[in-house]
There are 2 protein chains.
Amino acid sequence: MVVPTYEEAERKLRKYLALRGLRCTVERLAILKEVLEHKGHPSAEEIALQLSSGPLYVSRATVYRTLDLLVETGLLTCSTLGESHRHYEVHADHHDHLICRSCGRVIEIRSPEMEKLQDRICKENDFETVSHSLEIIGYCSRCRNGDQRENKGD
Amino acid sequence: MVVPTYEEAERKLRKYLALRGLRCTVERLAILKEVLEHKGHPSAEEIALQLSSGPLYVSRATVYRTLDLLVETGLLTCSTLGESHRHYEVHADHHDHLICRSCGRVIEIRSPEMEKLQDRICKENDFETVSHSLEIIGYCSRCRNGDQRENKGD
DNA sequence: GTCCCTGCAAATTTTTTGCAGCCTT
DNA sequence: AAGGCTGCAAAAAATTTGCAGGGAC
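A brief look at the structure comes next. (Residues numbered from 1 in each chain as written. Chains lettered and ligands numbered in written order. Predicted model: local features only at pLDDT ≥ 70, side-chain atom pairs only at ≥ 80, totals over all residues. Heavy atoms only, no water.)

1. Describing the protein's contact with DNA strand D
This is how the line gets drawn: One heavy atom within 4 Å of a molecule or strand is enough for the residue carrying it to be called near that molecule or strand. Side-chain atoms alone can form a polar contact between residues adjacent in sequence; in general such a contact is a pair of N or O atoms within 3.5 Å, and within protein one must be able to donate a hydrogen while the other accepts it. Only runs of H or I of at least four residues qualify as helices and only runs of E of at least two qualify as strands under DSSP, and these elements are numbered from the N terminus. Ten residues, namely Ala, Val, Leu, Ile, Met, Phe, Trp, Tyr, Cys and Pro, are considered nonpolar, four, namely Asp, Glu, Lys and Arg, are considered charged, and the remaining ones, Gly among them, are considered polar.
For DNA strand D, the set of nearby residues contains 22 residues, the closest of which are Arg23(A), Arg28(A), Ser59(A), Thr62(A) and His85(B). Here the atoms of DNA strand D within 4 Å of the protein split so that 70% fall in sugar or phosphate, with bases taking the remainder. For DNA strand D, a phosphate oxygen lies 3.3 Å from a polar atom in the backbone of Cys24(B). Every element with two or more residues in the surface near DNA strand D is listed here: helix 2 (26-37) and helix 4 (60-73) of chain A together with helix 4 (60-73) of chain B. Sort the elements by how many residues they give to the surface near DNA strand D and helix 4 of chain B lands first, with 4 residues. A breakdown of the residues in the surface near DNA strand D according to their chemical character gives 7 nonpolar, 7 polar and 8 charged.

Here it is in structure tokens:
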């Protein structure tokens, strides 16, 4: 799976909603678009802020409710990245996170082997995956080599 | 690595503290012991509650501060298990979590292959691991087979 | 004796919820 | 027209912080 275009994502969302008699609202589309276009791993707060600079006001309550919904659909995934609040991102090709405790940088890792292995583990446990999140917390190469400058990767 | 005994854990904690000129207090030892003895994946709230039935009162502030510290030392790991607050557990042998979205059950998975793979990924990225957390969210075998009864695994 | 740690209390941050009216279907 | 969805406002839940006194070393 590659990063879906906004069109693909919207199609998938509409389908999910229609199937359950739910409504496709401008707020839901705006939030989906916002996360799709965001580089990095925005929090609910960041999504709300970003939207507030656009033409459509969306309340925090709706942002939270919609992010939950989008995770439900499988369009987004959610992780904490070592912080005390959630971060969201497009559920694109399978990737994992190395999070540096010193500088906060988030390194994305793509590993087909990891993907295969996770698939196998789920199969062995008769478990149907919706989403997954691997976070490895530690110290990145820069920080291990003495470069301590803050360089937040998100 | 296997689950450390309380003695091993205490030794490791004392060493960590001594090295940094920090104090080894009864509160810190009590919290460490509490997590060690807890079956499952307690939250800060649960630790505080549990302690309050013992002889030593420990404030929430101290519970939060100490859990942070214990994660720092590498004695505990922290994950959200799909919820909006943190859960803690002993950093024992490498294992991952399958979390059922329907019944909340947490299935622990041990995979030497996964461990090797994660080690390799870290090495390739010149990344020094402190802790890690793999959460796979989906539907467990029971729930997929129509058994919807609530059966929280913690 | 030094200075780290604790409890307290309050503040902050993050997430959830009830309700009345609006909007999608 | 029906009923899901939104904003509002408030509540709840989770986490952090400043400070004065107590305790570890």
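After that view, the rundown keeps rolling.
2. Details of the relation of the copies chain A and chain B
For clarity, the threshold we go by: Overlaid copies result from least-squares superposition on C-alpha atoms, with residues included only where pLDDT is at least 70 in both. Pairs of residues are marked as contacts when any of their non-hydrogen atoms sit within 4.5 Å.
Rotating chain A by 180 degrees and translating it 0.0 Å along the rotation axis places it on chain B, where the RMSD comes to 0.1 Å. Both copies of the chain, as the preceding transformation shows, are related through a two-fold rotation axis. Taking C-alpha positions as the reference, the residue of chain A nearest the rotation axis is Leu134(A), at 2.1 Å. A shared binding surface is used by both copies, with 100% of the interface residues of chain A retained as interface residues in chain B.

3. Examining the protein's contact with DNA strand C
Taken together, 22 residues lie around DNA strand C, and Tyr64(A), His85(A), Arg28(B), Ser59(B) and Thr62(B) are the ones closest in. Near the protein, meaning within 4 Å, the atoms of DNA strand C are sugar or phosphate in a fraction of 76%, with bases accounting for the rest. Here Arg28(B) contributes a side-chain N or O atom positioned 2.5 Å from a phosphate oxygen of DNA strand C. Put simply, the parts of the chain that give the surface near DNA strand C at least two residues each are helix 4 of chain A together with helix 2 (26-37) and helix 4 of chain B. Looking at the surface near DNA strand C, the element that brings in the most residues is helix 4 of chain A, giving 4 residues.

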